[in-house]
Amino acid sequence: MVLIEWDSPESQQQLLDLLQKNGHGIPNNLVVDTAIRYSIEKRYPVSHMRYFSTEAAIGATPTYVFVFEENKTFSGFYARPPPSGHDEVLLQEALAELIDKFKHRLENDGEMQTLSDAFTRHVLHDILSSHFPSFYDVHPPSTVQVFYMTDEQMRKVEEMELKPIEGYYADSVDLKRDAKRINENWLHSDCLESTTQLLLDEDGGKIFMGARLHHLPACVVRDSSTGEAVAWDMSSPFGQCSNLFTIPAYRGKGLAVLAQMHLVKSFVNQGLRPFKYVEISNWNLIEATRRHPLWTRWEDENKSMKQLEGPVVYHPMFFTTIKKKE
């Protein structure tokens, strides 16, 4: 056995402390940092997060860290890219052991969502194929670029005063008022049923209430004349800003940027590092985010690499859904 499970708040904090020895705030730690914070604070009871790492000498940073998300209807897998590069033999042993621990979830759920770098994804799929030959990739992997805020950028966000846009205002989410509209415009709402719960409106009708909206940071921008939410940004149990959206009739006014800036300010005020993924196909958004003074792209050598201690390997990240064949 090569894996250790960090299964208590105290041990999870120890794991986080070890990871930060590579350099506080390095992009490799973005997911694990926020997820562990949420676990310790019991912020997201809808899912159970389990943390594993490969064994390491006392006081040393483990090479591999894995987060396995479990809830009633699906399981999710995240692999932290090792800052100093891969150890193929160790990775194979660790993933084989991890899959063996959770094979009952794969068999029962029929699918698994994964987020990893390309090499880990390749090794993982080889192991899945040997254990579960009936599984396959539902969709081609979605390649994303990672944007995050450095310490300096976080300080600027903390100090900045966000200017309102005439005719609109930023607000917190009102679950009964906003959740149905957000859910209807959420691309992944139909495949992430575990993130929704049901509430009854005043007339007894059912509406969707997003568990993410209830437990995790989120922000909406409202039309001052109607009070309706016309743009919003929310976040995931892994910590990234997600589902940035503006109702089509209201686009081109900067409302999405306003929503996101209010959201990241909430993150910063809680001591959390804002980050987000942008699909490689969305080149306009990638270029706009690169130009934004408050975002740093992980792979921009002239920016992020100079702010890290020691050599750190950049790993492109991939979202993939593995699903059992019918």
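See the structure shown above.
As a starting point, this report considers the structure included with it.

### Considerations on the layout of surface pockets
Computed from the structure, the second largest pocket encloses a volume of approximately 300 Å³. Around the second largest pocket, the lining comprises 18 residues; the ones closest to its centre are Ser39, Lys42, Ser47, His48 and Met49. For the lining of the second largest pocket, the elements supplying multiple residues, two or more each, are β1 (3-6), α1 (9-19), α2 (30-41) and β2 (48-54). Grouping the constituent residues of the lining of the second largest pocket by class yields eight nonpolar, five polar and five charged.

### Topic: the pairing of strand β14 (residues 275-279)
The element β14 is largely enclosed, with a buried count of four among its five residues. For strand β7 (residues 142-148) and β14, the ladder comprises five bridges, and the chain directions are antiparallel. Counterpart to tyrosine 148 in the pairing with β14 is phenylalanine 275.

### Quick look at unusual backbone geometry
Within the chain, lysine 42 stands out as a residue other than glycine whose phi angle is a positive 55 degrees. Structurally, lysine 42 can be placed in the loop between α2 and β2. Residues other than glycine seldom take positive phi values, yet asparagine 243 does so here, at roughly 60 degrees. By the secondary structure assignment, asparagine 243 is in strand β13 (residues 241-246). Accessibility expressed as a relative area gives 17% for asparagine 243, which makes it buried.

### Some words on the side chain of aspartate 33
Topologically, aspartate 33 is positioned in helix α2. Here aspartate 33 is buried and forms no salt bridge, its nearest opposite-charge partner arginine 37 lying at an N-O distance of 5.2 Å. The contacts of aspartate 33, once residues within four sequence positions are left out, are Leu16 and Gln20.

### Considerations on the packing of aromatic side chains
Within the structure shown, the criterion is met by ten aromatic pairs. Ring geometry for phenylalanine 68 against phenylalanine 77: centres 6.5 Å apart, planes inclined by 70 degrees, an arrangement best described as edge-to-face. With respect to class, phenylalanine 68 is no different from phenylalanine 77; both count as buried. Ring centres 5.4 Å apart and planes at 80 degrees place the aromatic pair tyrosine 277 and phenylalanine 319 in the edge-to-face group. Of the two residues, tyrosine 277 is situated in strand β14 and phenylalanine 319 in strand β16 (residues 317-324); the sequence distance between them amounts to 42 residues. Among the residues examined, tyrosine 277 registers a relative accessible area of 16% and is labelled buried. A connected cluster of aromatic rings, assembled from ring pairs, spans Phe52, Tyr64, Phe66, Phe68, Phe77 and Phe102.

### Points about the pattern of salt bridges
Within the structure shown, the criterion is met by twelve salt bridges. Linking glutamate 5 and arginine 50 is a salt bridge whose minimum nitrogen-to-oxygen distance equals 2.8 Å. Of this pair, glutamate 5 sits in strand β1 while arginine 50 sits in strand β2, and the two are 45 residues apart along the sequence. Under the relative-accessibility criterion, glutamate 5 is labelled partly exposed at 28%. A salt bridge links aspartate 171 to arginine 222, with the shortest nitrogen-to-oxygen separation between them at 2.8 Å. You can see aspartate 171 sitting in strand β8 (residues 168-171) and its partner arginine 222 sitting in strand β11 (residues 219-223), a full 51 residues away along the chain. With relative accessibility at 1%, the residue arginine 222 sits in the buried group. Each of Glu5, Arg50, Glu70, Arg105 and Asp109 takes part in one network of salt bridges that share partners.

### Focus on the environment of threonine 63
Summarising the element assignment, threonine 63 is placed in the loop between β2 and β3 (65-70). Residue class for threonine 63 comes out partly exposed when judged on its relative accessible area of 32%. Remark: the alpha-carbon pair of threonine 63 and proline 81, spanning 18 residues in sequence, is separated by 8.6 Å.

Cut-off values and rules
Residues numbered from 1 in each chain as written. Predicted model: local features only at pLDDT ≥ 70, side-chain atom pairs only at ≥ 80, totals over all residues. Heavy atoms only, no water. 1 Å grid on protein atoms, 1.4 Å probe; cavity = no way out; pocket = protein on both sides within 12 Å on 5 of 7 lines; lining within 4 Å. Points joined across faces, edges and corners; volume = space filled by probe spheres on them. Helix = DSSP H or I, 4+ residues; strand = E, 2+ residues; numbered from the N terminus. Nonpolar A, V, L, I, M, F, W, Y, C, P; charged D, E, K, R; others polar. Buried < 20%, exposed > 50% of the residue type's maximum accessible area, 1.4 Å probe, protein only. Pairing = 2+ DSSP bridges. Lys, Arg positive; Asp, Glu negative; His and termini not counted. Salt bridge = Lys/Arg side-chain N within 4 Å of Asp/Glu carboxyl O. Contact = heavy atoms within 4.5 Å. Phe/Tyr/Trp six-rings, centres within 6.5 Å; stacked < 30°, edge-to-face > 60°.

On their own, these measurements won't tell you what the molecule is for.
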